[in-house]
Structure formats: C-alpha cells, structure tokens
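Geometric and topological summary
So you can see what is in the structure, the chains are spelled out below.
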Amino acid sequence: MEEPLDPAQEARRELFRATMLGGEVDQLTLRRRFRLIPRDPRCKLCNAPFGMPGAIVARAMGRRRWAKNPKFCDRCYSFLRENGLSGVEIPITMLFADVRDSTTLAEKLGAAEFRRRINAFYRIGSEALLNTDGFVDKFMGDGVMGMYIPGMSGQDHAAKGIEAARRILARVAAAPEAEQLPVGVGVHTGEAFVGAVGDAAEVQDFTALGDAVNTTARLASVAGSGEALISVAAAAAADLRSDGLEQRHLEVKGRTQPVDVLVLRADMPA
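Quick caveat, the model's predicted, so the values are computed rather than measured.

Brief notes about the overall build of the protein
- A tally of helices and strands in the protein yields 10 helices and eight strands.
- Taking 270 residues into account, the globule formula puts the C-alpha radius of gyration at 18 Å, and the protein, at 19 Å, falls close to it.
- When its C-alpha atoms are laid out on the principal axes, the protein stretches across 50 × 45 × 30 Å.
- Expressed as a percentage of the 270 residues in the protein, the buried residues total 47%.
- Residue pairs at least 24 apart in sequence account for 65% of intrachain contacts in the protein once pairs closer than 6 positions are excluded.

Encoded structure:
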C-alpha cells in the first residue's frame, strides 16, 4: 500500500499531475519552440538543445544540461526531483515499434551492417515521435518506445501517436528494398503511472509504467511486418475512422481480457 503523503508532498504531486494533464504553463508550445532550435542531444522533457549553437539559447533561458543526469536540463531535473517522484496515474498514449526476428536478421547481415540499419531505424522512430510532439522514452535493442502525455504532447495525443505509427511504417517502406527492415508497431491509449524514477538524491529517468505500457509492447510484438496495430481505445480517442480497416480480436499475453485492434499498413493512405 502506498504511504500517505504529507500536505506539502500532496501539493507537489498535484502540481505534477496538473502539468502532465495540461496546466497553466504551455509545455507543448515550449517543447515545439525548442525542437526548432539546433541541435541534439536535447532535454528529454522540454527539448532544450544541448548541442551548439542552440545550447547558447537554452542557457540564456536558464536551461543547462544537468551534470548529474545528462538526459535533462537543470530546470526539468529540479522539477522532476521536487514534484515527480511520487508519480501520478493519468491517461496517455504509448507507441512501441520493433524489428521482427532481429536475431536471425543480425546473423544474416553481420554485426556492422545490422547496427547501421538499426541506427537508421532509431532515427526514423525518434523523428516520427518528436515531430508529432511525443517523447522518445527509450531505445531497447531492436525497438523504440515512445509516449504522448496530454500536458506535454497535447490533448490530441492519441491521434499523434497514430500519426507517428503511420510515419514510421512509411519511412521504413520507402527505404531501398534491399535495406528495408521488417518493422511492426503497436499504439494504445490508457491509464499509466507517469513519473520520475529514482529518489530525492538522484533522478534517473522519466517514464511510464503499468498495464497500458505492457499492452502496447504486446501489440507491437504480434504486429506483422509493415503493420501497426491500433487498440480500439486509441482509435476511439483519436476519432480514427474504421471504415475499410481490418479488425482483430487478440488474446494478449499477460492480460486476462482480449484486446480489439484496427490494422494500419504502410501502403494505406493517411
């Protein structure tokens, strides 16, 4: 059972909840503006550039790369440490994309060529996420995990997650046939526990946990090459029209309830 928070801790958690859901500060506009300024790497939370020449602008705005954790600027790190450690449960959209049968593919291609193609896939995934106001949560071997949080990505986060899935499939399919990778994508909208990972001494990361995350990963794992499986929850949140789309009723490992999905493919019009 979660330990009760004192009034000050509860106030900090509610501030964090309001920010994640869309509070008084327009985080989406800030993230979009920073994204236009070169260059990578960037703060995971606000997109403040750490590479030159943009780092000069970020520093002038009080956002320097935090020495204890280079994933964040000092302001975002402080915000997470002060307000985000208890976390909050909110509706978000998750996206997973991964390469099918990567072990066999690596054996066939050789280590150097496989790494080159995976790095190209990482770029495709990160660009699709960032250019639709999402977060690159992490790269996992042969996969990319992204998330869309209402207060940071916009209230249309489900539609943006689906658009990112379309972009990933289109970019992968547009590669020369000899260099294409077999990629499947999963997108799901649901309640997740969002917050900072670590303690008051050191914040290690900012991420999402829970059934919504696990469900999205499972959808990606059963998607065929060139497919994006969109849960009906994500489709409903995005007002995605199901006319002409294949529907599947999936028994997903680790869930007692099946998941209904719509299938998007790379060759489908947006």
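Read on for the rest.
Quick notes on the packing of aromatic side chains
- Evaluated as defined, the whole model comprises five aromatic pairs.
- Measuring from ring centre to ring centre gives 5.8 Å for phenylalanine 16 and phenylalanine 79, while their planes differ by 35°; the resulting arrangement is tilted. Here phenylalanine 16, found in helix H1 (residues 7-21), pairs with phenylalanine 79, found in helix H4 (residues 74-84); they are 63 residues apart in sequence, far enough to count as distant. For the pair phenylalanine 16 and phenylalanine 79, a shared accessibility class is recorded, and that class is buried.

Some remarks on the nonpolar core
- Residues Met20, Cys43, Leu45, Leu80, Ile149 and Phe206 are the most contacted members of the largest nonpolar core, which totals 35 residues.
- If you list the elements that add at least two residues to this core, you get H1, helix H2 (27-35), H4, strand S1 (88-99), strand S3 (143-148), strand S4 (183-198), strand S5 (203-209) and helix H9 (211-222).
- Looking at this core, the element that brings in the most residues is S1, giving five residues.
- Here methionine 20 is in contact with Phe79, Val88, Ile90, Ile149, Pro150, Gly151, Met152, Val194 and Phe206, once residues within four sequence places are set aside.

Description of the environment of glutamate 10
- Mapped onto the secondary structure, glutamate 10 falls in helix H1.
- The exposure class assigned to glutamate 10 is partly exposed, which follows from its relative accessible area of 28%.
- The spacing of glutamate 10 and arginine 265 is 255 residues in sequence and 45 Å in space, taken between C-alpha atoms.

Structural notes on H2
- Gln27, Leu28, Leu30, Arg31 and Phe34 are the residues of H2 that are buried. Burial along H2 is one-sided: seen end-on, the buried residues are contained in an arc of 165°.
- Taking the backbone nitrogen of leucine 28 as reference, a side-chain oxygen 3.4 Å away marks aspartate 26 as the first, capping residue of H2.

Digging into the pattern of salt bridges
- By the definition in use, this model includes 22 salt bridges.
- The salt bridge partner of aspartate 137 is lysine 138, with a shortest N-O separation of 3.3 Å.
- The class of aspartate 137 is buried, set by a relative accessible area of 5%.
- Note that arginine 167 and glutamate 163 form a salt bridge whose closest N and O atoms lie 2.9 Å from each other. With arginine 167 and glutamate 163 both in helix H8 (residues 157-174), this residue pair falls four residues apart, about one helical turn.
- Overall, the relative accessible area of 33% leaves arginine 167 in the partly exposed class.
- For glutamate 163, a relative accessible area of 28% corresponds to the partly exposed category.
- In this structure, a network of salt bridges that share partners links the residues Arg32, Arg35, Asp133, Asp156 and Lys160.

Topic: helix H6 (residues 111-130)
- Between its first and last C-alpha, H6 extends 28 Å over 20 residues, near the 28 Å set by a 1.5 Å rise per residue.
- Of the positions making up H6, those classed as buried are Phe114, Arg117, Ile118, Phe121, Tyr122, Ile124, Gly125, Ser126, Ala128 and Leu129.
- At its buried positions, H6 is contacted by S1, helix H5 (102-109), strand S2 (135-140), S3, H8 and S4.

Cut-offs and rules
Residues numbered from 1 in each chain as written. Predicted model: local features only at pLDDT ≥ 70, side-chain atom pairs only at ≥ 80, totals over all residues. Heavy atoms only, no water. Helix = DSSP H or I, 4+ residues; strand = E, 2+ residues; numbered from the N terminus. Rg over C-alpha atoms; globule rule 2.2 N^0.38 Å. Buried < 20%, exposed > 50% of the residue type's maximum accessible area, 1.4 Å probe, protein only. Contact = heavy atoms within 4.5 Å. Phe/Tyr/Trp six-rings, centres within 6.5 Å; stacked < 30°, edge-to-face > 60°. Core = buried A, V, L, I, M, F, W, Y, C linked by side-chain atoms within 4.5 Å. Arc of directions from axis to C-beta. Polar contact = N/O pair within 3.5 Å; in protein donor to acceptor, adjacent residues only side chain to side chain. Salt bridge = Lys/Arg side-chain N within 4 Å of Asp/Glu carboxyl O. Expected span 1.5 Å × (residues − 1).

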